[in-house]
Amino acid sequence: MKSTTKEAGVAAPGKPFLMRVGIGLFGLGMLAVLAVFIMFAAGLENLPIWLSVAAGVITPLGLLLGLIALVIEARAKKES
């Protein structure tokens, strides 16, 4: 038999949408950073501009969105 309590259903609503987007962007940015390092270590000198821009912009953007989502979530918990 499966017994669930009201408290267990409220405790795990899932991550907010903004947090999921931030994690996804950060992950993509880290993949771009890894690709840049691997390509540079392999001896390639003329790396694609779009890859360098992705590594330099998407990673901090994902981190920023994740931090904003954390602040919003903390404020919502504080108010309730």
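The residue numbers shown here count from 1 along each chain, following its written sequence. Where totals are concerned, whole chains, interfaces and linings use all residues; where local detail is concerned, this predicted model gives features only for residues with pLDDT of at least 70, and gives and counts side-chain atom pairs only at 80 or more. Hydrogens and water molecules were not included; the side-chain quantities draw on all heavy atoms of the structure.

**As for the overall build of the chain**
Argument step 1. Helices and strands together make up the secondary structure of the chain, namely three helices and zero strands.
Argument step 2. The helix and strand labels rest on DSSP assignments: H or I over at least four residues marks a helix, E over at least two residues marks a strand, and numbering proceeds from the N terminus. Helices and strands appear in the chain in the N-to-C order α-α-α.
Argument step 3. Within the chain, the fraction of its 80 residues that count as buried is 18%.
Argument step 4. Note on contacts: a residue pair qualifies if any of its non-hydrogen atoms lie within 4.5 Å across the two residues. In the chain, of all internal contacts separated by at least 6 residues, the share reaching a separation of at least 24 is 64%.
Argument step 5. Note on areas: Shrake-Rupley, 1.4 Å probe, and residue coverage restricted to the protein chains presented here. Taken as a whole, the chain presents about 6,600 Å² of accessible surface, with 72% of it coming from carbon and sulfur. Exposure is judged per residue with a 1.4 Å probe applied to protein chains only, and the accessible area is read against the type maximum: over 50% gives exposed, under 20% gives buried, and values in between give partly exposed.

**Notes on the nonpolar core**
Argument step 1. Here, the term nonpolar core denotes a set of buried Ala, Val, Leu, Ile, Met, Phe, Trp, Tyr and Cys residues that are joined through side-chain atoms within 4.5 Å. Ranked by size, the top nonpolar core spans six residues in total: Ala32, Val36, Leu47, Leu51, Ala54 and Ala55.
Argument step 2. For this core, the elements supplying multiple residues, two or more each, are helix H2 (17-41) and helix H3 (49-79).
Argument step 3. In terms of residue count, the dominant contributor to this core is H3 (three residues).
Argument step 4. Ignoring anything within four residues of it in the chain, the contact list for Leu47 reads Val36, Met39, Phe40 and Ser52.

**Some remarks on the packing of H2 against H3**
Argument step 1. Interaxial angle, 0 to 180 degrees, is taken between N-to-C directions of lines fitted to C-alpha atoms, where a helix line uses only the stretch in contact. For the pair H2 and H3, interaxial distance at closest approach is 7 Å and the crossing angle is 155 degrees. Comparing their axes, H3 and H2 come out roughly antiparallel. The two elements H2 and H3 cross, and the hand of that crossing is left-handed.
Argument step 2. Among the residues making up the contact of H2 with H3, the classes are represented as 23 nonpolar, six polar and no charged. Note on terminology: angles under 35 degrees are roughly parallel, angles over 145 are roughly antiparallel, angles of 65 to 115 are roughly perpendicular, and the others are oblique. The handedness criterion is simple: a crossing whose near helix is rotated anticlockwise from the far helix by less than a right angle is left-handed, and one whose near helix is rotated clockwise is right-handed. Residues are grouped as follows: Ala, Val, Leu, Ile, Met, Phe, Trp, Tyr, Cys and Pro are nonpolar; Asp, Glu, Lys and Arg are charged; all remaining types, including Gly, are polar.

**Describing H2**
Argument step 1. Compared with an ideal rise of 1.5 Å per residue, which puts 25 residues at 36 Å, H2 spans 36 Å between its outermost C-alpha atoms and is within 8% of the ideal.
Argument step 2. Buried within H2 we find Met19, Gly22, Gly29, Ala32 and Val36.
Argument step 3. Here the buried face of H2 lies against H3.
Argument step 4. Trailing H2 by a residue or two, Gly43 shows a phi angle of about 100 degrees, which is positive. By this rule the span expected of a helix is its residue count minus one, scaled by 1.5 Å.

**Topic: the pattern of salt bridges**
Argument step 1. Each reported salt bridge corresponds to a side-chain nitrogen of Lys or Arg within 4 Å of a carboxyl oxygen of Asp or Glu. Scanning the model with the defined rule gives one salt bridge in all.
Argument step 2. Here Glu73 ties to Lys77 by a salt bridge, and the two come within 3.7 Å at their closest N and O atoms. Remark: Lys77 and Glu73 occur in helix H3; sequence separation between them is four residues, near one turn of the helix.

On their own, these measurements won't tell you what the molecule is for.
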